[in-house]
Amino acid sequence: MTDLVSVLVNSLLAAGLYATMAYGLAVIYGVMRIINLAHAGLMMLGAYVTLTLFDRFGLDPFVGLVVTGPLFFLLGVVLHRVVGRRLPRSDAGPSMESLLLTFGVWLVLQNLAYYVWSGDTQSILTGYTLKSVAILGVRVGVPSLLVFGASALSLVFLNVLLRTTYLGKAIRAVTQNRDAALLSGVDADRISATAFGLGTAFAGLAGGMLSTLYAFTPDFGRSFLLKAFCIIVLGGMESVTGVAVGALVLAVLENGLAVYTSVPTSFQDAVSFTLLFFALVAFPQGLPGLFSRFVRRGALH
Amino acid sequence: MPAEPLLSVRDLSKRFGGLLALDGVHFEVARGEIFGIIGPNGAGKTTLFACLTGSLSPTRGEIRFRGKRIDGHPSPAVVARGLVRTHQIVRPFREMTVEENVSVGAHFGAGRRRGTDALRRIREILERTGLGGRAKVLAGTLTIGELKRLEIARALATEPTAICLDEVMGGLNPAEIVGAMGLIRSIRDAGVTVLMIEHHVHAVLGVSDRILVLNFGQRIAEGVPRVIVSDPEVIAAYLGDDSVPVLGEDA
Amino acid sequence: MRALPASVGAVAAGAALAAPFFLDRGALNDLWSLALGVILASAWNLLGGFAGQVSLGYSAFLGIGAYTTVLLSLRGVDPFLTLPLGALLAALFSVVIGLPAFRLRGPYFTIATIGVGEAVRVSAASVSFTGGSSGLRMPAGSFDFQLNYYSMAILAILAVALSAFVRRSAFGHALAAIRQDIDAAESLGVNSTRFKLAAHALSAAVVALAGSLYAINFQYIAPGSVFDFRMSLSIVLMPIVGGVGTVVGPVLGALVFSTLQIKLLAIPALRDAYLLLYGGLLILVMLYEPKGLVGLWLRLTARLRSSVPAPGPEVPDAG
């Protein structure tokens, strides 16, 4: 029974972070139909920036998030101007060009990180990094708790943004029906820039949070990118709730595996991914309508 | 008249979420017929073709072709069985030549031709559809009229028992329409049963043996042109649709 | 798209085979690497270029070939006899992945392959049977550079020939149809899944053969080298930079890459800049010329040709 509680508690905590991670990918895809592989690089960058703020200015990593968020939003807008704009926006779905292009950006970001910070493994150690707290009889690390708090806050803030501001509503509109939204006067360029900014900001935030939980190198980010992708496929990307649900499912799956089976940790990623991969195939019509955009069969012209 | 119809459709329905695109459609097509399908915009005609040839899976219903059920089967299987369709909005392989486009149908359709045998067949079809001189040209550079003929040529190359032509006359001028009607008759005369969706009602009336009328996904009427033209329900269905010329004896 | 005459290919092949008589060991090593690049790029191009299904997980096949060879050689089997088995295993694995993966559309398929590649690497590094993360070494006394060079060169020639043959064949046309409009292809009778699986298996087998030769030449393999994501990356970048979907593109791409690699290694400061290089190239190609060097060439020559008056007006429709 304590096993189950442990799984649930840990999953909930992890889900918050996963949702933050996944949302960054979801918003760019939803608005621009671009699969942003640079997302992994941006998360990595977020971790490094947080590290620098911590080492150089003594800024607590969680406080540093307040800096990282807006900073990365600006970075996203710049990236959009430089790179994102020139991409062919095919409404028939994401293009290979955008995938490979963002992939190229990811590689460049990695190399940048190698130059600036070297390839040594880094980690952030604060006074509370090794402390833990008991929740419902389960020992939980303080950083995990703080990460959950930070992600919950960001997601609530995001939700408010999406529902009350003009830009937020425009983003939701474009995600659901691009043509209709554009016809009603939404400025495509501004929305795309905002989406890119938001996506990058969330990548940076996620990276900052990840830096408090894991050690990292410039190569960091790939497995998290894959998780983000799995989450989007599971939960859809049209709402923050959808992403949150997907994040929870993935977190439960992983924690369940860790607790109930004897699969070694190094294997875990491989196993979770494989399981999700086959779930995708077993239930192609299953989870929210988004699947019809992912899987071939029954295309209507 | 053979006992078993070539194609028989029973209670065919297709639902897309909240929209019922096809509702209990039923009809039969005999071998060697030219079977026309007409109806106002949005009546479900293209959806019907998509279900027949496997592009879509029906929600309910039965489709029998040459004695076997094909509903829900994927396109390649249906084509192998001898039923093929053209697309209303042409879908050429733009980076391949006209000849190569047709070869895809010849190699992988019901005919499964190879080598020089296939080449001969391809050349024949190109001549018949008036594309003989354009064989080595890239499909991406063809005019719309030529592209429509390429759609037909490709489908014919699969050596079908029956072909579903989806609005092949769309956008053609009167002279071209006459030519298209001639081509359709020649396809039937060569032994291929023809189903055709058409908006040019007078052309359909002129060339079809029998006609099916659809509206809002439902079958309104089925019969010979003469009877269809004077069917009050058919007339009512079209009265609201300005895009269709008035039905009458003049073609 | 006018193909290069076969005579050019024949000359290049002849030069490759005659090289050991004229070049020193260093240059031959570079040629060996070039040949490896040509094989990997051409093989990947069968699925990625012709059929348009971009897989970023090909390191898995390279690794399967390499590991099969080493594991069997360590048990006393002649290394070269292990080649067919490695190819077969890779082909089988490609089908196992392909069956579910090909149900995903374009870019999602690509992302799935990243995952598969990673899963394979992690597995190889975690299992002691494969030597774990420290890898495996070939048994002593199995190294013969002359033999290694010739086998790689011959495989490269065969890979390009295969590529050319597929392109002109009915199989190749089916793949091209799948790439350009998969639903239209299906509506003409092309069972797209079957063809994708076939192209996948064929290319996986060829890549595995290269992997076996790689193991035989380097004598030591580890998950970090053969199964690494960077390997999957270079395999994809060569044909993309050179020109996907053509026969000559992958060869050009391999040429560009090996030249750049050699130049990079010579300048100590730039030695680790390969990511920047790969990334930068990808960005440039995708932004300005998605069809790679071949595309660039065609665009330039088309511009030259358009300055010559076009042949007469179109023949009016026969109606």
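Asker: How should I be thinking about the overall build of chain B in this particular structure?
Answerer: Each helix and strand counted, chain B has nine helices and ten strands in total. Here the C-alpha radius of gyration of chain B, 18 Å, is about what a compact globule of 251 residues would show, namely 18 Å. Referenced to the eigenvectors of the C-alpha coordinate spread, the extents of chain B come out at roughly 50 × 40 × 40 Å. Within chain B, buried positions represent 48% of all 251 residues. Partitioning the intrachain contacts of chain B with sequence separation of at least 6 by distance along the chain shows that 66% fall at a separation of at least 24.

Asker: How do you make sense of the overall build of chain C when you look at a structure like this?
Answerer: The secondary structure content of chain C amounts to 14 helices and two strands. Since a compact globule built from 319 residues should have a radius of gyration of about 20 Å, the 20 Å found for chain C is in line with a globular shape. Structurally, chain C occupies a C-alpha span of about 75 × 45 × 35 Å along its principal axes. Within the span of chain C, comprising 319 residues, buried residues form 54% of the whole. Taking contacts inside chain C between residues at least 6 apart in sequence as the whole, the part at least 24 apart equals 77%.

Asker: Can you help me understand the interface of chain C and chain B in this one?
Answerer: Many authors give the size of an interface as the accessible area that is lost as the parts come together. Chain C puts 20 residues into the contact, and the matching count from chain B is 31 residues. Elements supplying a minimum of two residues to the side of chain C that touches chain B: helix 7 (170-180) and helix 8 (182-186) of chain C. The biggest single contributor to the side of chain C that touches chain B is helix 7 of chain C, with six residues. Considered class by class, the residues forming the side of chain C that touches chain B number ten nonpolar, six polar and four charged.

Asker: Before we go on, may I ask you to explain the sheet that holds strand 3 (residues 34-38) of chain B in this structure?
Answerer: Hydrogen bonds between backbone atoms are what pair the strands of a sheet, whose relative direction is either parallel or antiparallel. Residue and element names in this part refer to chain B. Strand order in the open sheet made by the six strands is 6-7-8-3-9-10, with mixed pairing throughout. Looking at the sheet topology across the chains shown, the edges are occupied by strand 6 (83-85) and strand 10 (218-223). Neighbour to neighbour, the strand axes of the sheet diverge by 15° on average, direction disregarded. Of the pairings in the sheet, the one linking strand 7 (residues 162-166) to strand 8 (residues 193-197) comprises five bridges and is parallel in character. Looking at strand 8, one finds that Ala 162 is bridged to Thr 193. Across the sheet, helix 6 (residues 174-189) lies against strand 3, strand 7 and strand 8, angled at about 150° from strand 8, the strand it touches most.

Asker: Help me understand the confidence of the model for chain B in this model?
Answerer: Interpretation of this model should avoid reading the predicted coordinates in detail wherever pLDDT is low. In this model, chain B carries an average pLDDT of 89, and 94% of its residues clear a pLDDT of 70 or more. Here residues 246-251 of chain B is a poorly scored stretch, pLDDT under 50, and it has seven contacts once near neighbours within four places are set aside; other chains count.

Asker: It is not clear to me how the pairing of strand 4 (residues 60-65) of chain B should be interpreted in this structure. Could you clarify?
Answerer: Working note: regular strand, side chains alternate between the two faces of the sheet. Residues and elements named next belong to chain B. Taken together, the five bridges between strand 1 (residues 7-16) and strand 4 define a ladder with antiparallel strand orientation. Paired with Ser 13 across the strands is Arg 60, a residue of strand 4. Pairing analysis gives two bridges linking strand 4 to strand 5 (residues 68-69), with the strands arranged antiparallel. Residue Phe 65 lies in a different strand from strand 5, and its bridge partner there is Lys 68. The hairpin turn running from strand 4 into strand 5, its antiparallel successor, is two residues long, and Arg 66 in that turn takes a positive phi close to 50°.

Asker: Can you help me understand the sheet that holds strand 2 (residues 19-29) of chain B in this one?
Answerer: Residues and elements named next belong to chain B. Strand order in the open sheet made by the four strands is 2-1-4-5, with antiparallel pairing throughout. At either margin of the open sheet sits one strand with a lone partner, and together these are strand 2 and strand 5. Running at roughly 65° to strand 2, helix 1 (residues 45-53) makes contact with strand 1, strand 2 and strand 4 of the sheet.

Asker: I tried to follow the domain arrangement of chain B on my own but got confused; where do I start?
Answerer: Residue and element names in this part refer to chain B. As assigned here, chain B comprises domain 1 (1-82 + 161-251) and domain 2 (90-159). The centre of domain 1, based on its C-alpha atoms, is set 24 Å off from the matching centre of domain 2. Contacts between the two partners involve twelve residues from domain 1 and, on the opposite side, eleven residues from domain 2. Among the secondary structure elements, those contributing two or more residues to the side of domain 1 that touches domain 2 are helix 2 (75-81), strand 7 and helix 6. The element contributing the most residues to the side of domain 1 that touches domain 2 is helix 6, with four residues. Residues belonging to the side of domain 1 that touches domain 2 are distributed by class as follows: eight nonpolar, three polar and one charged.

Asker: Before we go on, may I ask you to explain the pairing of strand 2 of chain B in this structure?
Answerer: All names here are of chain B. Strand direction decides the pairing type here: strand 1 and strand 2, joined by seven bridges, are antiparallel. In the sheet register, Leu 12 faces strand 2, and the bridge partner there is Val 25. The antiparallel hairpin formed by strand 1 and strand 2 contains two residues in its connecting segment, where Gly 17 sits at a positive phi of about 60°.

Asker: Looking at this model, I keep getting lost on the nonpolar core. Mind explaining?
Answerer: Among soluble globular proteins, nonpolar side chains are generally buried collectively. One finds Tyr18(A), Ala22(A), Ala247(A), Ile39(C), Val207(C), Ala210(C) and Leu282(C) to be the most contacted residues of the largest nonpolar core, which totals 278 residues. Two domains share this core, each providing at least three of its residues, namely domain 1 (1-82 + 161-251) and domain 2 (90-159) of chain B.

Asker: What is the right way to look at the confidence of the model for chain C in this model?
Answerer: Residues and elements named next belong to chain C. In the predicted model, chain C carries a mean pLDDT of 87, and the fraction of residues at 70 or more is 93%. Per-residue pLDDT, averaged within each element of chain C, yields its smallest value for helix 5 (residues 106-126) (82) and its largest for helix 9 (residues 192-218) (96). A low-confidence stretch, residues 314-319 (pLDDT under 50), is modelled with nine contacts involving residues beyond four sequence positions or located in other chains. Here the prediction assigns the complex a pTM of 0.85, and the interface score ipTM is 0.89.

Conventions adopted
- Residues numbered from 1 in each chain as written.
- Chains lettered and ligands numbered in written order.
- Predicted model: local features only at pLDDT ≥ 70, side-chain atom pairs only at ≥ 80, totals over all residues.
- Helix = DSSP H or I, 4+ residues; strand = E, 2+ residues; numbered from the N terminus.
- Rg over C-alpha atoms; globule rule 2.2 N^0.38 Å.
- Buried ≥ 20, exposed ≤ 12 C-beta atoms within 10 Å, placed from the backbone.
- Contact = placed C-beta atoms within 7 Å.
- Nonpolar A, V, L, I, M, F, W, Y, C, P; charged D, E, K, R; others polar.
- Pairing = 2+ DSSP bridges.
- Axes fitted to C-alpha atoms, helices over the stretch in contact; angles between N-to-C directions.
- pLDDT = per-residue confidence, 0-100.
- Domains from an automatic or database assignment.
- Core = buried A, V, L, I, M, F, W, Y, C linked by C-beta atoms within 7 Å.

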